[in-house]
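Breakdown of the fold
The primary structure of each chain is shown beneath.
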Amino acid sequence: MRDVITVAHLTLVEARRRRIVLAGAVCALAFLLVFSIAVTFAYREMSGDKSVSFVERQGTLTAIKLVGFLAANFLSVIFAILLPVDTLSGEIDSGVIQTLASKPIDRAQIVLGKWAGHLLLALAYLLMLSTGILVVIRVVGGLPPTGVTQALPLLMLEVTLSLTIAVAGGARFSTVTNAIMAVGFYGVAFIGGFIEQIGGFTGITSMRTIGILVSLVSPADSMWRLAAHHMEPEIARSTGMLALGASVPSPLMVWWAAGFTVAALMYAIRTFRRRAL
Amino acid sequence: MIETHGLHKRFGSTVAVEDLSLQVGEGEIFGFLGPNGAGKTTSIKMLLALVAPSSGTGRVLGAPIGNRAARARVGFLPEHFRFHESLTAIELLRFHGRLYGLRGAPLEGRIDRLLSRVDLVDAADRPLRGYSKGMLQRVGLAQSLLNDPRLVFLDEPTSGLDPLGRLLVRSIIEELRADGVTVFLNSHLLGEVEATCDRVVFVKRGRIVGERRLSAPAEIVELELRVGAAGPAILEGLSRFGTNITRPQPDVIELRTGTEAAVPMIVSWLVQQGVPVHAVQPRRKSLEDVFLDVMGEDERPG
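Worth saying up front: this structure is predicted, and the values here are computed from it rather than measured.

1. So, the overall build of chain A
For chain A, the helix and strand inventory stands at 12 helices and 0 strands. Going from the N terminus to the C terminus, chain A shows its helices and strands as α-α-α-α-α-α-α-α-α-α-α-α. The C-alpha atoms of chain A give a radius of gyration of 20 Å, which matches the 19 Å a tight globule of 277 residues would have. C-alpha atoms of chain A, sized along the principal axes, occupy 70 × 45 × 30 Å. Within chain A, the proportion of its 277 residues that are buried is 45%. In chain A, the proportion of contacts linking residues at least 24 apart, taken out of those at least 6 apart, comes to 80%.

2. Quick notes on the overall build of chain B
Of the regular secondary structure elements, chain B holds 10 helices and 14 strands. With respect to the three principal axes, the spread of C-alpha positions in chain B is 75 × 45 × 35 Å. Counting over 302 residues, chain B shows a buried share of 40%. Taking all contacts inside chain B whose residues are at least 6 apart in sequence as the whole, residues at least 24 apart take part in 68%.

3. Some points on the domain arrangement of chain B
Its domain assignment divides chain B into domain 1 (2–213) and domain 2 (221–284). Taking only C-alpha atoms, the centre of domain 1 of chain B and the centre of domain 2 of chain B are 44 Å apart.

4. Points about helix α3 (residues 54–82) of chain A
All names here are of chain A. The end-to-end C-alpha separation of α3 is 42 Å, in line with the 42 Å expected for 29 residues at 1.5 Å each. Buried within α3 are the following residues: T62, I64, K65, G68, F69, A72, N73, S76, V77, F79, A80 and I81. Check the buried side of α3 and you find it contacts α2 (20–48), α6 (107–141), α7 (148–170), α8 (175–202) and α10 (220–231).

5. Focus: the interface of chain A and chain B
Contacts between the two partners involve 18 residues from chain A, matched on the other side by 19 residues from chain B. Of all the secondary structure elements, the ones that give two or more residues to the side of chain A that touches chain B are α1 (2–17) and α5 (96–101) of chain A. The residue makeup of the side of chain A that touches chain B, split by class, is 7 nonpolar, 6 polar and 5 charged.

6. Some thoughts on unusual backbone geometry
Negative phi is the rule for most residues except glycine; trans is the rule for most peptide bonds. Residues and elements named next belong to chain B. Phi is positive for A49, close to 65°, though the residue is something other than glycine. Here A49 is to be found in the loop between α1 (40–47) and β4 (55–60). Phi angles above zero are rare outside glycine, and L61 is one such case at about 50°. You can see L61 is positioned in the loop between β4 and β5 (63–64). A tally of 18 C-beta atoms within 10 Å means that L61 is categorised as partly exposed.

7. What about the pairing of strand β7 (residues 151–155) of chain B?
For a regular strand, the rule is simple: side chains alternate between the two faces of the sheet. Residues and elements named next belong to chain B. For β7, the tally of buried residues reaches 5 of 5 residues, placing the bulk of the element in the interior. Taking every second residue as pointing to the same face, both faces of β7 are buried, with L151, F153 and D155 on one and V152 and L154 on the other. Sheet topology places strand β6 (residues 74–77) next to β7; 4 bridges connect them, and they run parallel. Residue pairing in the sheet places G75 in a bridge with V152 of β7. Bridge count between β7 and strand β8 (residues 182–186): 5 bridges; the pairing is parallel. From the neighbouring strand, L151 faces β8, where its bridge partner is T182. For the segment spanning β7, helix α6 (residues 163–178) and β8, crossover handedness is right-handed.

8. Some words on the nonpolar core
Note on soluble globular proteins: their nonpolar side chains tend to be buried together. Membership of the largest hydrophobic core comes to 143 residues, with the highest contact counts inside it found for A122 of chain A together with V183 of chain B. A per-element tally of this core places α6 of chain A first, with 14 residues. If sequence neighbours within four positions are ignored, A122 of chain A has contacts with S76, F79, A80, L83, V159 and L163 of chain A. Counting 7 residues, the second largest nonpolar core, distinct from the first, contains L223, L238, I253 and L255 of chain B.

9. Some points on the confidence of the model for chain B
Scored by pLDDT, chain B comes out at a mean of 89, with 96% of its residues at no less than 70. Across the interfaces of the predicted complex, the ipTM metric reaches 0.80, alongside a pTM of 0.84.

10. Observations regarding the packing of α2 of chain A against α3 of chain A
All names here are of chain A. In the contact formed by α2 and α3, the axes pass within 11 Å of each other and the chain directions differ by 170°. The angle between α2 and α3 falls in the class roughly antiparallel. On the side of α2, the interface is formed by G24, F31, F35, V39, A42 and M46, while α3 contributes R57, T60, I64, G68, L75 and F79. Its residues assigned to classes, the contact of α2 with α3 comprises 8 nonpolar, 3 polar and 1 charged.

11. Topic: the environment of D221 of chain A
All names here are of chain A. Its location among the elements puts D221 in helix α10. In this structure D221 comes out as buried when scored by C-beta crowding, with 28 C-beta atoms within 10 Å. Residues D221 and V77, 144 residues apart in the sequence, show an inter-C-alpha distance of 9.7 Å. Other than its neighbours up to four places away in sequence, D221 contacts A189, F190, G192 and G193.

12. Digging into the sheet that holds strand β14 (residues 277–284) of chain B
Residues and elements named next belong to chain B. Ordered by their spatial adjacency, 4 strands build an open sheet running β12-β13-β11-β14, and the pairing between neighbours is antiparallel. This sheet does not close on itself; its edge strands, each paired only once, are β12 (242–249) and β14. On average, each strand axis in the sheet is inclined to that of its neighbour by 20°, with strand direction left out of account. Helix α9 (residues 262–272) rests against β11 (221–227), β12, β13 (252–257) and β14 of the sheet, and its axis sits at about 155° to β14.

13. Some words on the environment of H229 of chain A
Residues and elements named next belong to chain A. In this fold, H229 is placed in helix α10. By the C-beta count within 10 Å, which is 21 here, H229 ends up buried. With 19 residues separating them in the primary sequence, H229 and V248 have C-alpha atoms 6.9 Å apart.

Rules behind the numbers
- Here, residues in each chain are numbered from 1, in the same order as that chain's written sequence.
- Written order decides the labels, with chains lettered from A and ligands numbered from 1.
- Two thresholds apply to this predicted model, a pLDDT of at least 70 for residue-level local features and 80 or more for giving and counting side-chain atom pairs, whereas whole-chain, interface and lining totals are computed over all residues.
- For helices the rule is a DSSP run of H or I covering at least 4 residues; for strands it is a run of E covering at least 2, with both sets numbered from the N terminus onward.
- We take the radius of gyration over the C-alpha atoms and set the globule estimate at 2.2 Å times the residue count to the 0.38 power.
- Whether a residue is buried, exposed or partly exposed is read from the other C-beta atoms within 10 Å of its own C-beta, which are placed from the backbone; 20 or more gives buried, 12 or fewer gives exposed, and intermediate counts give partly exposed.
- A residue pair is marked as a contact if its C-beta atoms, positioned from the backbone, fall within 7 Å.
- For the purposes of this description, domain bounds are those given by an automatic or database domain assignment.
- Expected helix span is computed as 1.5 Å times (number of residues minus one).
- When residues are grouped by polarity, Ala, Val, Leu, Ile, Met, Phe, Trp, Tyr, Cys and Pro land in nonpolar, Asp, Glu, Lys and Arg in charged, and all others, Gly among them, in polar.
- Only when DSSP finds a minimum of two bridges between them are two strands counted as paired.
- A crossover gets the label right-handed when its path from the first strand over the helix to the second runs clockwise, viewed with the strands pointing away from the viewer.
- One nonpolar core equals one set of buried Ala, Val, Leu, Ile, Met, Phe, Trp, Tyr and Cys residues connected by C-beta atoms within 7 Å.
- The quantity known as pLDDT measures the predictor's confidence residue by residue, on a range of 0 to 100.
- Each axis is a line fitted through C-alpha atoms, and for a helix only the stretch in contact is used; angles between axes span 0 to 180 degrees, taken between their N-to-C directions.
- Any angle that is under 35 degrees is reported as roughly parallel, and any over 145 degrees as roughly antiparallel; angles of 65 to 115 degrees are reported as roughly perpendicular and all others as oblique.

See the structure below:
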């Protein structure tokens, strides 16, 4: 465990020195700035318009919040994929890993240390964006957070899964191939989610079934849809008014995604242990 | 210290190492020579468990290859040492020291001594990205000695070093020898190997094709004797000491002997025969000559 912490610490130091932390923080603040300006102007306009009822205003603010989370979730997943994409493959190519792997540590500890270090950063990025969205919506619009305690762990699981896929790919493929495959993996989940939503909204069963099958192959996006479902107000959830509730993934998908993450991590360890360095 | 039997490595259809069977004793400075592509680096990687052999067995420090306890007493300087460029030399050494289980004052003390030994004290707080190739190699050498190893693998340790840097490496190897540390040296610089190693093996196309003990007297010595008047009987008499006896000039005799130990006997015999000996010039075969002989004419530059 001590060696895992040592490698994770090196990963964090390296991320800070390469200005990854700074770049992430600046981009997150820019995102939140744009989001807060949009929410402020939308709220002022709605408040000044007597024809907009309180319920309509709350509904619009909820929709803005969910769109904010949709963007934050997308950015966090991309951050989680790109952050560790070269952590193993890049160090194998450059020969850096030889010095590390010749030390008296198990290769699994190298993988776990790098995984843990990058995961801390990716989750910090997600939590920064999520907290910012909730604070802006609460302070500017007065909208209380709904279902956040259920939604945030799901978004964290999605980020963890995406990051683990990128780490696992890095143990097997070159950096560019890994990036293409990890983004592609998320893209498949993304389009699968859309197909399932449209199927649910229009009642086309075959589309919904295809979407569910795609979610089984690539379960990342289903975590977002489940999280979004939890963040919708009860009235929207029951009526499907915001469309995000049109096809809600089964709670069993959480276990599937968690199992998928563990399996991907095991694959990364097994592949890296066997890899010629 | 190292014992391998038939280590073989194949990458797809390419055979990198055909048959590595060798023994390296404790405290030995062992040279591993061969042209590019002979399988030297892959052999070192197999011994360090960075590459799994396709077949064969081996033991390092008495334990099967890859054993973690044994690796804790092994140091390694890879060819073209690289590490995270944003780290300083002190941070790099601290990180690697922790992986060896070192902490606190003992680690800091060891880092200070090693930085001083490789002459990097002034640059210790600078990021590696600003280091020259030679400085990187020297900090790599320092990390390979952090754990006070009993066995050190040096893969082209003088790569990128200037003459002063090479002298530094040579003196560190001498210190390791004095401490009884075994050194496994892979180098293209035959002069350096000749100056530091006790024994060398020659690797060709993944197979050991020759061996030479450098610390022992040369097995074949060519002698040039500058002498006074000597008749045909003298030349005939010299045949008991060696072969290929020629007389290129009236006052010069050349011959080949089996050992350097024969030189005093030859001089003594000539004097007894009344032949004045003005000079004796033994011409020992250089490692480069031996290397070229062993590799043969069919070997091409890698």
